[in-house]
Amino acid sequence: INITGNKKALLVGINYTNTENELYGCINDVNCIKERISNNGFKNINIMTDNTTIKPTKNNILNAFKNSSSFKFKTIVLDSVFVFNFSNKSLIIAN
């Protein structure tokens, strides 16, 4: 796919560092996805993890969608791509 418009991403990874529920792959997921999309022309990539200054809280994630000066939906137009990745723990429940 040849995308000529804006390429933006919001990548969130939560490992719950230093808690009893600590995970070990979510921040790695974010780093791998960042590398992959960077190699495909994405320049505007906003990352939130346990290790970033801005933590991946509900309010901060919503604010990234709404208010960030470098990251506004208003600038996403036809022929643009927006990637949102949320890497966190999951639960599989058998039927």
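All residue numbers refer to position in the chain's written sequence, counted from 1. Only residues with pLDDT of at least 70 are given local features in this predicted model, and only at 80 or more are side-chain atom pairs given and counted; all residues enter the totals for whole chains, interfaces and linings. Side-chain figures throughout are based on the complete set of non-hydrogen atoms in the structure, without hydrogens or water.

## A look at the packing of aromatic side chains
Filter applied, for reference: The criterion for an aromatic pair is that two Phe, Tyr or Trp rings (for Trp, the six-membered ring) have centres within 6.5 Å, with stacked assigned to planes under 30 degrees apart, edge-to-face to planes over 60 apart and tilted to the rest. Put simply, DSSP marks the helices as runs of H or I at least four residues long and the strands as runs of E at least two long, and each gets a number from the N terminus on.
In the structure shown here, the tally under the stated rule is 2 aromatic pairs. Judged by centre distance (5.2 Å) and plane angle (55°), the rings of Phe 65 and Phe 84 are tilted. Taken together, the positions of Phe 65 in helix H2 (residues 58–66) and Phe 84 in strand S3 (residues 81–87) put the pair 19 residues apart, joining distant regions of the chain. Site record: aromatic cluster; members linked through ring pairs are Phe 65, Phe 82 and Phe 84.

## What about helix H1 (residues 26–38)?
Applied cut-off: Helix span, as expected, comes to 1.5 Å for every residue beyond the first. The classification of residues rests on relative accessible area computed with a 1.4 Å probe and restricted to protein chains. Under 20% of the type maximum is buried, over 50% is exposed, and intermediate values are partly exposed. This arc corresponds to the set of directions leading from the helix axis out to the C-beta atoms. Contacts between residues were defined by any pair of non-hydrogen atoms, one from each residue, lying within 4.5 Å.
The end-to-end C-alpha distance of H1, which contains 13 residues, comes to 18 Å, matching closely the 18 Å that a straight helix rising 1.5 Å per residue would cover. Every buried residue of H1 is accounted for by Cys 26, Ile 27, Val 30 and Ile 37. Summarising the axial view, the buried residues of H1 lie within an arc of 105°, below the 170-degree limit, and thus occupy one face. Away from the buried face of H1 by more than 90 degrees, exposed residues Glu 35 and Arg 36 are located. Of the surrounding secondary structure, the elements contacted by the buried residues of H1 are strand S1 (7–13), strand S2 (44–49) and S3.

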